[in-house]
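# Results of the structural survey
If you want the building blocks of each chain, they are given just below.
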Amino acid sequence: MNILVINGSPKGERSNTYRLTQAFLAGIADSQGEDAMEVRTIETSKADIRPCLGCFTCWRSETGTCCLHDDMASVIESRVWADVTIWSFPLYYFSVPGPLKNLIDRQLPMSLPFMEERSDNVGNGSHPSRYEMSGKRNVIISTCGFYTAEGNYDGVQSLFDHMCGRNNYEQVLCGQGELFRVPELHERTDAYLQLVRRAGSEFARGGIARETTEELGQPLFARQTFEAMADASWGISRETGEAEDEAISFTRQMAALYNPASFDGTQRVLEMDYTDRGVSCCIVLGAEGATVVTDGSVSPTTSVHTPYAVWQEIAQGKVSGVDALAQHRYSVTGDFDLMVRWDEFFGDGGSAAARRNAEASASPARQPTMLAMLTPWVAFWTAMSISVATGPAIVIAACALTILWSFRHERVIYDTLSLAAVLVLVAASLVGVPLALLLPASFLVFGLMWLVSALWFTPLSAYYVKGSYGGDKALQNAIYLQTNRIICVVWGITYLAAAVSALLAPAATPLISELLPLPAAVFTVVFQRWYPAHVARG
Ligand SMILES: Cc1cc2nc3c(=O)[nH]c(=O)nc-3n(C[C@H](O)[C@H](O)[C@H](O)COP(=O)(O)O)c2cc1C
C-alpha cells in the first residue's frame with residue numbers, strides 16, 4: 001500500500017495532529033505489516049509550493065505542466081503514486097491552513113479543463129481527472145482548538161466533498177487538539193491515540209467502524225474542564241489581563257481537573273505552597289467545581305509544601321506522588337485524607353476511559369477478601385477448642401464453604417496457604433496429634449505467614465485492603481506497602497507470642513487467643529491513619 005501523508009501543520013513534526021496521523025499509520029501497519037506499506041511524507045511547512053497564479057497555463061498545455069517550477073510537480077507525482085492520501089492538518093479559521101490551501105489549489109494540473117456533470121450531487125459541475133485516480137482513498141486527520149470538532153468542520157468537509165466526492169473519504173476529527181502536547185494529560189491523550197490506531201487498523205481492513213468513529217467523536221475532557229484548563233494555560237489572568245506566576249497558572253489547570261462529583265459535603269481547601277517560588281494559592285473544592293484563591297482569604301485544610309519542579313514532575317508522571325512523598329521531596333500538613341483520595345478528587349473523572357477504569361476497579365466482587373484467609377483459621381481455633389471429635393468435620397466443612405463463596409472474589413496466595421495449613425493441622429489431629437501441640441503450631445504458622453509476607457514479600461494485608469486504596473495501583477505505593485509491612489510485623493509477632501504462651505500455659509490458650517489480638521487490632525486502626533500522615537509531614 002502506497003501512502004502519502006500531507007502534513008499541513010506549520011509545526012511540522014511537532015504538530016498535535018501529526019501525533020494522530022502517526023498513530024493511524026501504526027494502526028495500518030498493525031493490520032498490513034510494515035513491509036506491505038510505503039509511506040511518503042510532504043511537509044507543507046518545508047516544501048516550496050508557491051500560490052497558484054491563476055494563469056491556466058497548465059490547462060493550455062497538453063501535459064498539464066505548470067508554469068511555476070517548484071516542489072508541486074513532485075507532489076502531483078506522489079498523489080498519483082499513492083493508493084491512500086492522508087491529509088493531516090490543524091483547523092485554521094474553520095478551514096485548512098494557508099500553505100495547504102496553496103497545495104490544494106496547485107492540484108489544478110491534475111484535472112483536465114473540460115466541464116463535466118457530477119454524479120454525486122455536490123455542487124454543479126466538475127472537471128475530469130487527467131490521471132487514473134479511481135479506487136484511490138483519502139483520509140482527513142485533523143485537530144482543532146475548541147472542545148469538540150462538531151460543527152467546526154463544515155467548510156473543510158464541503159471542500160473535501162468537492163475534491164474527493166461526498167462519502168468518498170474517511171475522517172478523524174478531534175477537538176481539544178492542544179492537549180496532545182501536554183505531558184500531564186498523557187494518560188487521556190494516549191488512550192485517544194490508541195483509538196486512532198484502532199481506526200487506522202480498521203481503515204486498512206476496509207473502513208473505520210461506526211463505533212470507533214463515535215468514540216473518536218467523544219471530547220477528551222468534559223467541556224467545562226477543558227475550557228478552564230485552556231483559559232488557565234495562557235498564564236494571563238482573565239480578570240486583570242496581567243501575566244500570572246507560572247505556578248499559579250499551573251495550579252489553575254490542576255484545579256480544572258477537579259471532579260465535582262467527588263464532593264461529599266466536607267469543605268476542603270487545598271493549599272499549594274511552592275516553596276522555591278514563595279508562591280502559594282488555595283483550591284477550594286466545592287459541589288459546583290473548584291475555585292483558585294490567590295489572595296490568602298481562605299484557610300487551607302490540607303497544605304502541600306513542594307518545590308514547583310517536583311510537583312510538575314509528579315503531574316507529568318515522571319515520578320509517582322507517593323514515591324516523591326516517601327523520598328521527602330515534598331511534604332503535606334493538615335488533613336491527609338485528601339491526599340489518600342487524590343485520584344477521586346483530581347483523577348480524570350470526566351472521561352469515558354476513566355469511567356470504565358473506575359467501574360472496573362470499583363467492582364467489590366473482584367477484590368480479595370480477608371475473610372477467605374481468616375475463615376479456615378477461625379473455624380479451626382473455635383471448632384477444635386469445643387470438640388476434638390467433631391471439630392475436624394466442622395473445619396473441613398468451613399474450608400469447603402470458604403472455597404465456594406470466595407470464588408466471587410479475587411483469590412490470593414494467602415487464601416490458599418491458609419486452607420492448606422489448616423487442612424494439614426486437621427489431618428494431624430485425625431492421626432492423633434494432641435490439641436495441646438496443634439494449637440501452638442497453628443498460632444506459629446499463622447504468625448509466620450504474616451511475618452514472612454512482611455519481611456520478604458508483598459505484605460499480606462496489602463492485598464486485602466487495596467480495594468479501598470485504588471486497587472492494584474496501591475501495590476506500587478511505597479507508603480501503603482510500608483504501612484502494611486509494619487502492621488503485618490505486629491500481627492506476626494502477636495501470633496508468635498500466642499504460640500509461645502499456648503505452649504507454656506495450655507490452659508490459658510482460649511484467653512490468650514481472644515485477648516492478644518486486641519492490642520494489635522487497636523494498633524492497626526490507629527497506625528494506618530497516623531503513619532502515612534506522619535511520613536507526609538516529613
Ligand atoms: C491561526 C489559527 C487559527 C485557528 N483556527 C481555529 C478554528 O477556526 N477553530 C478551532 O477549533 N481551532 C482553531 N485553531 C486551533 C488549532 O486548530 C489547534 O491548536 C490545533 O490542535 C493545532 O494543531 P497542530 O499542532 O497540528 O498544528 C487555530 C489555530 C491557529 C494558530
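The shown structure was predicted, so the numbers you read here are calculated from the model rather than taken from an experiment.

Taken together, the neighbourhood of the ligand is formed by 16 residues, with K11, S15, T17, L91 and E178 sitting nearest. One nitrogen or oxygen atom from the side chain of K11 is found 2.6 Å from an oxygen atom belonging to the ligand. One of the side-chain N or O atoms of T17 is found 2.6 Å from an oxygen atom in the ligand. Taking 650 Å² as the accessible area of the ligand by itself, protein coverage stands at 79%. Among the residues making up the shell around the ligand, the classes are represented as 7 nonpolar, 7 polar and 2 charged.

Turning next to the sheet that holds strand β3 (residues 84-90). Taken in spatial order, the 5 strands make up an open sheet running β2-β1-β3-β4-β5, and their pairing is parallel. In the strand order of this sheet, the two ends are held by β2 (38-43) and β5 (169-174), each with one partner. Neighbour to neighbour, the strand axes of the sheet diverge by 15 degrees on average, direction disregarded. The pairing of strand β1 (residues 2-7) with β2 spans 6 bridges and is classified as parallel. Pairing of I6 across the sheet is with I42, part of β2. Across the sheet, helix α6 (residues 186-205) lies against β3, β4 (137-143) and β5, angled at about 180 degrees from β5, the strand it touches most.

Moving on: a nonpolar patch on the surface. Side chains of L444, V445, L448, V452, L455, W456 and F457 sit close together on the surface and give an oily, nonpolar patch of about 670 Å² of accessible area. Looking at where V452 falls in the secondary structure, it is placed in helix α18 (residues 435-456). The class of V452 is partly exposed, set by a relative accessible area of 31%.

Going through the model one piece at a time under the given rule, you end up with 28 aromatic pairs. Ring geometry for Y274 versus Y308: centroids 5.6 Å apart, planes at 90 degrees, classification edge-to-face. In this pair, Y274 is assigned in strand β6 (residues 268-274) and Y308 in helix α10 (residues 308-315), connecting sequence segments 34 residues apart. Per residue, the accessibility class of Y274 equals that of Y308, and both read buried. Taking 5.7 Å as the distance between ring centres and 10 degrees as the angle between the ring planes, the aromatic pair formed by W381 and Y495 counts as stacked.

Another point: the sheet that holds strand β9 (residues 302-306). Taken together, the 5 strands give an open sheet; going across it, the order is β8-β7-β6-β9-β10, and neighbouring strands pair in mixed fashion. Both edges of this open sheet fall to β8 (290-293) and β10 (331-334), since each of them pairs with a single strand only. Within the sheet, the average angular offset between the axes of one strand and its neighbour, ignoring direction, is 20 degrees. In this sheet, β8 lies alongside strand β7 (residues 279-285) in antiparallel orientation, the contact comprising 4 bridges. Residue V284 lies in a different strand from β8, and its bridge partner there is T291.

This part is about unusual backbone geometry. Excluding glycine, residues mostly carry a negative phi; peptide bonds, for their part, are mostly trans. Phi is positive for F56, close to 60 degrees, though the residue is something other than glycine. Checked against the element boundaries, F56 lands in the loop between β2 and α2 (57-60). A positive phi is found at Q176, a non-glycine position, where the angle reads about 60 degrees. If you trace the backbone, Q176 turns up in the loop between β5 and α6.

Right, let's talk about the nonpolar core for a bit. Most often, soluble globular proteins have nonpolar side chains that are buried together. Ranked by internal contacts, the top residues of the largest apolar core, which has 72 residues, are L270, W311, Y330, M339, M373, W377 and F380. With residues up to four places along the chain from it excluded, the contact list for F380 reads S385, V395, V422, L425, V426, L438, L439 and S442. In terms of nonpolar packing, the next biggest core, distinct from the first, is built from 34 residues, C174, Y192, I208 and L216 among them.

This paragraph deals with the pattern of salt bridges. According to the stated counting rule, one finds 25 salt bridges in the structure shown. Linking E202 and R198 is a salt bridge whose minimum nitrogen-to-oxygen distance equals 3.6 Å. Of this pair, E202 and R198 both sit in helix α6, 4 residues apart, roughly one helical turn. Look at the salt bridges and you will find they share partners, linking D264, R268, D337, R341 and E344 into a network.

This part is about the state of the cysteines. Taken as a whole and assessed by the stated rule, the structure comprises 0 disulfides. With no disulfide of its own, C58 lies 6.0 Å from the sulfur of C66, the closest cysteine sulfur. Here C66 stays free of any disulfide, with the sulfur of C67 as its closest cysteine sulfur at 4.8 Å. Residue classification places C66 among the partly exposed residues on the basis of a relative accessible area of 23%.

Within the secondary structure layout, E239 lies in the loop between α8 (223-232) and α9 (246-256). C-alpha separation for the pair E239 and F380, spaced 141 residues apart in sequence, amounts to 70 Å.

Criteria and cut-off values
Residues numbered from 1 in each chain as written. Predicted model: local features only at pLDDT ≥ 70, side-chain atom pairs only at ≥ 80, totals over all residues. Heavy atoms only, no water. Near = heavy atom within 4 Å. Polar contact = N/O pair within 3.5 Å; in protein donor to acceptor, adjacent residues only side chain to side chain. Areas by Shrake-Rupley, 256 points an atom, 1.4 Å probe, with all protein chains shown as cover. Nonpolar A, V, L, I, M, F, W, Y, C, P; charged D, E, K, R; others polar. Pairing = 2+ DSSP bridges. Helix = DSSP H or I, 4+ residues; strand = E, 2+ residues; numbered from the N terminus. Axes fitted to C-alpha atoms, helices over the stretch in contact; angles between N-to-C directions. Contact = heavy atoms within 4.5 Å. Patch = residues over 30% accessible without salt bridge, like charges linked within 9 Å, V, L, I, M, F, W, Y side chains within 5 Å. Salt bridge = Lys/Arg side-chain N within 4 Å of Asp/Glu carboxyl O. Buried < 20%, exposed > 50% of the residue type's maximum accessible area, 1.4 Å probe, protein only. Phe/Tyr/Trp six-rings, centres within 6.5 Å; stacked < 30°, edge-to-face > 60°. Core = buried A, V, L, I, M, F, W, Y, C linked by side-chain atoms within 4.5 Å. Disulfide = S-S within 2.5 Å.

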